[in-house]
Amino acid sequence: MQAEVERVVAAALAGDFSARIPRQGVDAELIGFVDSLNRVMETVERGVGETSAVLDSLAEADLSSRITGRFEGAFDLLKTSTNTAIDTFGRVVHQLQSTSRALKGTTQEILAGAND
């Protein structure tokens with residue numbers, strides 16, 4: 001059992017949250033511990049995975065992705081901060097597009113006046 005815990009913890013320290021401790025062969029007294037550790041690994045894997053997917057979409061200029069999973073504590077804060085940052089960035093991009101269109105229209109009017 002100690003070797004399994006060390007394996008899962010070593011994987012987590014290396015950034016791999018997919019490792020789990022199998023329930024087979026675990027003493028009945030330790031099943032709750034094993035299940036709890038596996039739930040921790042699952043939650044971290046899901047939180048990191050969703051955040052990574054949203055940031056990958058952002059890197060591809062896709063502002064429609066959001067973290068949608070149900071999280072608590074630090075992962076809920078990460079979810080809120082990530083989604084808020086994308087919403088804010090989307091508003092900035094929209095404002096830049098509007099300003100660019102207005103500037104283009106003004107430039108065309110100035111050019112037309114200069115040509116006249």
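Our subject is the structure that appears above.
Attention here is on the structure that accompanies the text. Just so we're clear, the structure is a prediction, and the values are computed from it rather than from any experiment. (Residues numbered from 1 in each chain as written. Predicted model: local features only at pLDDT ≥ 70, side-chain atom pairs only at ≥ 80, totals over all residues. Heavy atoms only, no water.)

**Here we look at the overall build of the chain**
Here is step 1: Check the secondary structure of the chain and you find 3 helices and 0 strands.
Here is step 2: Mapped in sequence order, the helices and strands of the chain form the string α-α-α.
Here is step 3: Projected onto its principal axes, the C-alpha coordinates of the chain cover approximately 90 × 20 × 15 Å.
Here is step 4: Split into buried and exposed, the 116 residues of the chain put 22% on the buried side.
Here is step 5: Taking the contacts inside the chain whose residues are at least 6 apart along the sequence as the reference set, 42% of them involve residues at least 24 apart.
Here is step 6: Carbon together with sulfur atoms contributes 58% to the accessible area of the chain, which is approximately 8,100 Å² in total.
Here is step 7: Across the chain, the centroid of the 11 positively charged side chains sits 5 Å from that of the 17 negatively charged ones. (Helix = DSSP H or I, 4+ residues; strand = E, 2+ residues; numbered from the N terminus. Buried < 20%, exposed > 50% of the residue type's maximum accessible area, 1.4 Å probe, protein only. Contact = heavy atoms within 4.5 Å. Areas by Shrake-Rupley, 256 points an atom, 1.4 Å probe, with all protein chains shown as cover. Lys, Arg positive; Asp, Glu negative; His and termini not counted. Charge placed at Lys NZ, Arg CZ, Asp CG, Glu CD.)

**Side note on unusual backbone geometry**
Here is step 1: At Ala61, a residue that is not glycine, the phi angle is positive and equals roughly 65°.
Here is step 2: The residue Ala61 is located in the loop between α2 (31-59) and α3 (73-115) in this model.
Here is step 3: Judged by relative accessible area, which is 66%, Ala61 ranks as exposed.

**As for the nonpolar core**
Here is step 1: In terms of nonpolar packing, the biggest core is built from 10 residues, these being Val5, Val8, Ala11, Ala19, Ile21, Val26, Ile31, Val34, Leu37 and Met41.
Here is step 2: Those elements that provide at least two residues to this core are α1 (2-13) and α2.
Here is step 3: At 4 residues, the largest contribution of residues to this core is made by α2.
Here is step 4: The residues contacting Leu37, other than those within four sequence positions of it, are Val5, Val8 and Ile21. (Core = buried A, V, L, I, M, F, W, Y, C linked by side-chain atoms within 4.5 Å.)

**Quick notes on the packing of α2 against α3**
Here is step 1: The contact between α2 and α3 brings their axes to 11 Å, and the two run at 10°. What the angle tells us is that α2 and α3 run roughly parallel. Only Phe75, Leu78, Thr82, Ile86 and Phe89 of α3 make contact with α2, whose side of the interface consists of Thr43, Val44, Gly47, Val48, Thr51, Val54 and Leu58. (Axes fitted to C-alpha atoms, helices over the stretch in contact; angles between N-to-C directions. Parallel < 35°, antiparallel > 145°, perpendicular 65-115°, else oblique.)

**Concerning the side chain of Asn83**
Here is step 1: Mapped onto the elements, Asn83 comes out in helix α3.
Here is step 2: For Asn83, a relative accessible area of 13% gives the class buried.
Here is step 3: A distance of 2.9 Å separates a polar side-chain atom of Asn83 from the backbone nitrogen of Ile67.
Here is step 4: Each residue touching Asn83, except ones within four places of it in the same chain, is listed here: Arg66 and Ile67. (Polar contact = N/O pair within 3.5 Å; in protein donor to acceptor, adjacent residues only side chain to side chain.)

**As for the packing of aromatic side chains**
Here is step 1: Inspection of the entire model under this criterion finds 1 aromatic pair.
Here is step 2: Between Phe71 and Phe75, the ring centres sit 5.9 Å apart and the planes meet at 40°, which makes this aromatic pair tilted.
Here is step 3: Residue classification places Phe71 among the buried positions, given a relative accessible area of 9%. (Phe/Tyr/Trp six-rings, centres within 6.5 Å; stacked < 30°, edge-to-face > 60°.)

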